[in-house]
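This is what each chain is made of:
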Amino acid sequence: MVSLVSTTPYQDQAPGTSGLRKRVSVFQQRHYVETFIQSIFDVLDGFAGETLVVGGDGRYFNREVIQIVVKMAAANGFGRVLIGRGGLLSTPAASQIIRKTKAFGGIILSASHNPGGPEGDFGIKYNAGNGGPAPEKLTDAIFARSKIINQFRTIAADDIDLDHLAVSQIGGMRVEIIDSVADYQKLMQSLFDFDRIGALFRSGFAMKFDAMSAVTGPYGKVILEDVLGAKAGTVLNGVPLADFGGHHPDPNLVHAKFIYDLAMRADGPDFCAASDGDGDRNLIIGRKQFVTPSDSLALLAANAHLAPGYAKGLAGVARSMPTSAAVDRVAHKLGIPLYETPTGWKFFGNLMDAGLVTLCGEESAGTGSNHVREKDGLWAILLWLNILAVRQQSVAEIVREHWAVYGRNFYARHDYEEVNADGAAALIKALRDDLPNLKGKKLGALHIQDADDFAYHDPVDGSNSERQGLRILFEDGSRLVYRLSGTGTSGATLRVYLERFAQDVSQHGLETQSALADLIQLSRDLARIEYFTQRQAPSVIT
Ligand code: G16
């Protein structure tokens, strides 16, 4: 029996960089989930009888929300819902299933790399039929609807058993619990040379993959250990936990320090990697060689043709604006177009759908290709393994050779996390107001050539996105970028991106922070960071 339940709108369901992200306690408010889900359904058109994919990264509250979504989907007229076993779907696997089954769309439950558990974060996002995050015009419409919504539809039914592969029925809707690991493995096998990667492992190549007690554990175990034959124990923290074992499932140098330290040992594994809460990010570290996400994107673009799925070459590549320009040099050499988009994976979707780009990536540890419409952590790790298997060189050798050919983009991101939101907004405003005065200014050895607020014109759908980050561009190709994070759940996070290009091989061995020392100091002075945020130093440096 479908029932219409009266509700009052919440006013805070604004989309961030990647859907709605809040503390678990916010989502636990009465009808908070229901009003948001109904707002999504209300702005979608034409889904009667269609398929909806539902799953999440297994964090606390995942199972409860899945039960709510399934009953609401039945009451709103979907014909079929596909759910990952245990309620688990990595974000890229969800994207793949939406595409493969020609589903109308999907609801992904995740707060990505943010901490989980009752005191942690939760998130809901809608992915469209192309498998990618909803475009801005859709998320804006959902937000507008959430402000006035006054009722939602649901159906009285027993909870679904999420843990067994089975088919059941709620109202007139079919519910299927599916094994997404098997599908994902097949897709990876179609892109990469599993025989060669298997031979690499058999030759004694040692790897550790930290799944961070998050969703990629089951995928990693099956693909790396069972299928490719990596030693048992290659996958660390491979059991998804509702609170990620109390850690931040964020594969950066702070939260994945264990794997970093392991890789830095002279007797460490040949290759270390990690992924995040929902499996879309990746961290790559060779023995004694950290690879920045921006460099990883450039290296993958330069070597992708070594994997069967990309043997025909790349149509084009894309990066988010704050990502370093290392991949630009590769695109130039390959003679393929390079697109620079605002931060957020949704901007790559149009370019991939139109066949303009094959590979894309971001400084925030996301890399992916047109095999799905999300960034994909394990995909990036497998492409690296394919390249290592073919080139028969260490990560360090491959990175050094790359720099020798293309030059090195020294790059760092400084995060000032959970600062006062008003102070952060005032900092951005002051700097934005100051941009016209900065052009042409000489600051010590650094000469500012240009300063602007990044705006993007989407070449496919013609939409414009303004105010996407403040850029200070120097004559020698160095760059400072400032923007506020769209994924935090408390206060504001100021991100400062620093980049300096060095063609000269004799400089390539420099340590990043010392290569960027003058830019680091300038980044603080120029934006008066201490004055506006009361912080003398960033909380996270990556
Ligand atoms: C999300 C988006 C990414 C984006 C990141 C930026 O990542 O999907 O495309 O780079 O946010 O985060 P921020 O706005 O905090 O800089 P995820 O992995 O959190 O979904």
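An account of the accompanying structure is given in this report. Bear in mind that the values here come from a model prediction, so they are computed numbers and not experimental data.

### Some points on the overall build of the chain
Piece 1. Tallying secondary structure elements over the chain gives 18 helices and 27 strands in all.
Piece 2. Relative to the 2.2 N^0.38 estimate, which gives 24 Å for 542 residues, the radius of gyration of the chain is 23 Å and therefore close to what a compact globule would have.
Piece 3. Taking all 542 residues of the chain together, 58% fall into the buried category.
Piece 4. Put simply, of all contacts in the chain between residues at least 6 apart along the chain, 72% involve residues at least 24 apart.
Piece 5. The chain carries 54 positive and 61 negative side-chain charges, and their two centres are separated by 2 Å.

### Structural notes on the sheet that holds strand 11 (residues 235-236)
Piece 1. The sheet built from 5 strands is open, its strands ordered 11-10-12-13-14 with mixed pairing. Lying at the two open borders of the sheet, with one neighbouring strand each, are strand 11 and strand 14 (289-291).
Piece 2. When strand 12 (residues 271-275) meets strand 13 (residues 282-286), the two strands line up antiparallel, connected through 5 bridges. The residue bridging Cys272 from the neighbouring strand is Ile285, located in strand 13.
Piece 3. On top of the sheet, helix 10 (residues 293-303) reaches strand 13 and strand 14; it is set at about 85° to strand 14, its chief contact.

### Some points on the environment of Gln392
Piece 1. Within the element layout of this structure, Gln392 appears in the loop between helix 13 (377-391) and helix 14 (395-406).
Piece 2. When its relative accessible area of 61% is taken as the criterion, Gln392 is described as exposed.
Piece 3. Those residues in contact with Gln392 that lie beyond four places of it in its chain are Leu200 and Ile387.
Piece 4. Polar contacts involving the side chain of Gln392 include one to the main-chain carbonyl oxygen of Ala389, which spans 2.8 Å.

### Quick word on the pairing of strand 9 (residues 173-178)
Piece 1. Counting buried residues along strand 9, 5 of its 6 residues qualify, which places the element largely inside the surrounding structure.
Piece 2. Bridging between strand 4 (residues 80-88) and strand 9 involves 5 bridges; their strand directions are parallel. Note that in strand 9 the partner of Arg80 across the bridge is Arg174.
Piece 3. In terms of strand pairing, strand 8 (residues 167-170) meets strand 9 through 4 bridges, oriented antiparallel. By the bridge assignment, Val167 is partnered in strand 9 with Glu176.
Piece 4. Between strand 8 and strand 9, which pair antiparallel one after the other, the connecting turn spans 2 residues, and Gly171 there sits at a positive phi close to 55°.

### Re the packing of aromatic side chains
Centre-to-centre distance and the angle between the planes together describe a pair of aromatic rings.
Piece 1. The tally for this structure, following the rule as stated, stands at 18 aromatic pairs.
Piece 2. Ring geometry for Phe201 versus Phe205: centroids 5.9 Å apart, planes at 65°, classification edge-to-face.
Piece 3. For Phe205, a relative accessible area of 15% translates into the label buried.
Piece 4. Aromatic pair Phe205 and Phe271: ring centres 6.4 Å apart, planes at 40°, arrangement tilted. With Phe205 in the loop between helix 7 (194-202) and strand 10 (207-210) and Phe271 in strand 12, this residue pair connects regions lying 66 residues apart in the sequence.
Piece 5. Given a relative accessible area of 0%, Phe271 falls into the buried group.
Piece 6. Chaining the aromatic ring pairs together yields one cluster made of Tyr10, Phe27, Tyr32, Phe61 and Phe122.

### Digging into the nonpolar core
Piece 1. In terms of nonpolar packing, the biggest core is built from 70 residues, with Met188, Phe192, Met207, Phe271, Trp379 and Leu385 touching the most fellow members.
Piece 2. No other element matches helix 13, which puts 11 residues into this core.
Piece 3. Excluding residues that lie within four positions of it along the chain, Phe271 makes contacts with Phe205, Ala206, Met207, Lys208, Ile284, Ile285, Ile381, Trp384, Leu385, Leu388 and Val395.
Piece 4. Counting 44 residues, the second-largest nonpolar core is a separate cluster that includes Val26, Val33, Val81 and Ile83.

Reading the values: the criteria
- Residues numbered from 1 in each chain as written.
- Predicted model: local features only at pLDDT ≥ 70, side-chain atom pairs only at ≥ 80, totals over all residues.
- Heavy atoms only, no water.
- Helix = DSSP H or I, 4+ residues; strand = E, 2+ residues; numbered from the N terminus.
- Rg over C-alpha atoms; globule rule 2.2 N^0.38 Å.
- Buried < 20%, exposed > 50% of the residue type's maximum accessible area, 1.4 Å probe, protein only.
- Contact = heavy atoms within 4.5 Å.
- Lys, Arg positive; Asp, Glu negative; His and termini not counted.
- Charge placed at Lys NZ, Arg CZ, Asp CG, Glu CD.
- Pairing = 2+ DSSP bridges.
- Axes fitted to C-alpha atoms, helices over the stretch in contact; angles between N-to-C directions.
- Polar contact = N/O pair within 3.5 Å; in protein donor to acceptor, adjacent residues only side chain to side chain.
- Phe/Tyr/Trp six-rings, centres within 6.5 Å; stacked < 30°, edge-to-face > 60°.
- Core = buried A, V, L, I, M, F, W, Y, C linked by side-chain atoms within 4.5 Å.

These values are about where atoms sit, not about what they do.
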